[in-house]
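# Inside the fold
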Amino acid sequence: MTSDKTANGSGSDVELAYTLQGPQSGSPIILLHGFPLDRTMWKAQTDALVAAGHRVLRPDLRGHGLSPVRTQAATMDRMAQDVVRLADQLGFDRFLLGGFSMGGYVALQLYATRPQRVRGLLLVDTRAEPDAPEAQTKRRGMADQVRSRGLEVLVEAMVPRFFTPRTRALQSTLLVDVENVIRKTPREGAVQALLGMAERSDQRVLLPRVHVPTLIVVGAQDELTPPAASHAMAKGIDGAVLNVLPGAAHLTPVEAPDAVNSAMFRWLTMPTTRTALA
Ligand code: MLT
């Protein structure tokens, strides 16, 4: 079953657009996209999960895709609250939660504030540490550039780093598809997400408090959220499993969908810890 619509969350000031697929009886999984992308980046994973009987919810985070834009910093907490409201509205009480890059920042924030809602974490090409002061300055500068020049700034800055040189040479349609998604991102949405990411919290303090099955995936050639950041998260989370994917860069769910899918299905069979069951 597929439904594409805009949620009408009571009490929520942001109605996230989303896609919900899979049988009502399937175990709920929420997948959060990265910056400045939308829910379509999870298509290969969703297809595989739905075929296996899971119920998959893919929202567009605020300011991205078809979701509304707000003229206030899209902090990770605001984005996490939007997701929780949508989950409430759809009756997703406890769910598995996956996040790619910025979506991973949001997933960690959601776990930090509502650990009881999350049955497992899938952290793909992301990191727990906040922006250092220089990175914050760079990000705010990027927000100014996007404001004045538009999304083309991000197409130029990010797409070459999403994929390995080999993929860029051999699979140009992947690049074109992703560029088109970026160009559709509302300018103000991208600006506010940059400002929100610049002020995100240090989630390294959260890692010892993560007590759900956690899978961490990273492309071996990821320059945006390098493997070292994933190794650090894996070290910090008790029982976490780390998969480093050779021949892949940042946007692994699109560049290496089969490898990400295999890792994801292993995550689904990871035993829950005693604390998670408690
Ligand atoms: C993303 O892919 O979501 C971004 O690279 C995250 C970031 O800029 O920190």
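Higher on the page you've got the structure.
To start, this report covers the structure provided alongside it. This structure is a prediction, so every number in the text was calculated from the model and none was measured.

## What to know about helix 2 (residues 76-90)
An ideal rise of 1.5 Å per residue puts 21 Å on 15 residues; helix 2 measures up with 21 Å between its terminal C-alpha atoms. Restricting attention to buried positions, one finds in helix 2 the residues Met-76, Met-79, Ala-80, Asp-82, Val-83, Val-84, Leu-86 and Ala-87. Remark: Gly-91 follows helix 2 within two positions and exhibits a positive phi of approximately 75°.

## Section: the environment of Arg-114
In this structure, Arg-114 sits in the loop between helix 3 (102-113) and strand 6 (118-124). Arg-114 sits in the partly exposed class, given a relative accessible area of 27%. Linking Arg-114 and Met-158, residues 44 residues apart in sequence, is a C-alpha distance of 31 Å.

## What about the packing of aromatic side chains?
The full count for this structure, using the stated rule, is one aromatic pair. An angle of 85° between the planes, with centres 6.5 Å apart, marks the rings of Phe-162 and Phe-163 as edge-to-face. Each member of the pair, Phe-162 as well as Phe-163, carries the same accessibility label: buried.

## Notes on helix 9 (residues 227-236)
Listing the buried residues of helix 9 in full gives Pro-227, Ala-229, Ser-230, Met-233 and Ala-234. Buried positions in helix 9, seen along its axis, are confined to an arc of 155° and lie on one side of it. Exposed and facing more than 90 degrees away from the buried side of helix 9 are Ala-228 and Lys-235. Where helix 9 is buried, its residues meet helix 3, strand 6, strand 7 (214-219) and strand 8 (241-245).

## Details of the layout of surface pockets
Gaps left between atoms are located by rolling a probe of water-molecule size over the structure's atoms. The calculated volume of the largest pocket comes to roughly 590 Å³. If you go around the largest pocket, you meet 27 residues; those closest to its centre are Arg-127, Lys-138, Arg-139, Arg-161 and Leu-224. Among the elements that take part in the lining of the largest pocket, helix 5 (residues 152-162) stands out by supplying five residues, more than any other. In terms of residue class, the lining of the largest pocket is built from 16 nonpolar, three polar and eight charged.

## So, the site of the ligand
Surveying the vicinity of the ligand reveals the residues Gly-34, Phe-35, Phe-100, Ser-101, Met-102, Tyr-105, Arg-127, Arg-139, Met-158, Met-197 and His-250. In the model, an oxygen atom of the ligand is placed 2.8 Å from a nitrogen or oxygen of the Arg-139 side chain. Coverage of the ligand by the protein amounts to 94% of the 270 Å² it exposes when considered alone. Using a 2 Å cut-off from the grid points, one finds that the ligand occupies the largest pocket. Here the shell around the ligand is composed, by residue class, of six nonpolar, three polar and two charged.

## A word on the pairing of strand 2 (residues 17-21)
Among the five residues that make up strand 2, five are buried, leaving the element largely enclosed by the rest of the structure. Where burial is concerned, the two faces of strand 2 agree: the one with Ala-17, Thr-19 and Gln-21 and the one with Tyr-18 and Leu-20 are both buried. Where strand 2 meets strand 4 (residues 55-59), four bridges bridge the pair, whose relative direction is antiparallel. Note on strand 4: the bridge partner recorded for Thr-19 is Arg-58.

## Let's talk about the environment of Leu-242
The residue Leu-242 is located in strand 8 in this model. Assessed through its relative accessible area of 24%, Leu-242 is described here as partly exposed. As a C-alpha pair, Leu-242 and Gln-45 span 197 residues in sequence and 18 Å in three-dimensional space. The contact partners of Leu-242, leaving out residues within four places of it in the chain, are Ile-216, Val-218, Ser-230, His-231 and Ala-234.

## Some remarks on the pattern of salt bridges
A full pass over the atoms with the stated rule returns 14 salt bridges. Among the salt bridges present, the one from Arg-161 reaches Glu-223, with a minimum N-O distance of 3.6 Å. Of this pair, Arg-161 sits in helix 5 while Glu-223 is found in the loop between strand 7 and helix 9, placing the two residues 62 residues apart along the sequence. According to the relative accessible area criterion, Arg-161 is partly exposed, its value standing at 34%. Among the residues examined, Glu-223 registers a relative accessible area of 54% and is labelled exposed.

## Regarding the pairing of strand 5 (residues 95-100)
Burial runs high along strand 5: six of the six residues are buried. Here strand 5 shows no split at all, with Phe-95, Leu-97 and Gly-99 on one side and Leu-96, Gly-98 and Phe-100 on the other all buried. Inspection of the sheet shows strand 3 (residues 28-32) paired to strand 5 by four bridges, in the parallel sense. Counted as the bridge partner of Ile-30 is Leu-97 from strand 5. The pairing of strand 5 with strand 6 spans six bridges and is parallel.

Rules of the game
- Residues numbered from 1 in each chain as written.
- Predicted model: local features only at pLDDT ≥ 70, side-chain atom pairs only at ≥ 80, totals over all residues.
- Heavy atoms only, no water.
- Helix = DSSP H or I, 4+ residues; strand = E, 2+ residues; numbered from the N terminus.
- Expected span 1.5 Å × (residues − 1).
- Buried < 20%, exposed > 50% of the residue type's maximum accessible area, 1.4 Å probe, protein only.
- Phe/Tyr/Trp six-rings, centres within 6.5 Å; stacked < 30°, edge-to-face > 60°.
- Arc of directions from axis to C-beta.
- Contact = heavy atoms within 4.5 Å.
- 1 Å grid on protein atoms, 1.4 Å probe; cavity = no way out; pocket = protein on both sides within 12 Å on 5 of 7 lines; lining within 4 Å.
- Points joined across faces, edges and corners; volume = space filled by probe spheres on them.
- Nonpolar A, V, L, I, M, F, W, Y, C, P; charged D, E, K, R; others polar.
- Near = heavy atom within 4 Å.
- Polar contact = N/O pair within 3.5 Å; in protein donor to acceptor, adjacent residues only side chain to side chain.
- Areas by Shrake-Rupley, 256 points an atom, 1.4 Å probe, with all protein chains shown as cover.
- Sits in = over half its atoms within 2 Å of the grid points.
- Pairing = 2+ DSSP bridges.
- Salt bridge = Lys/Arg side-chain N within 4 Å of Asp/Glu carboxyl O.

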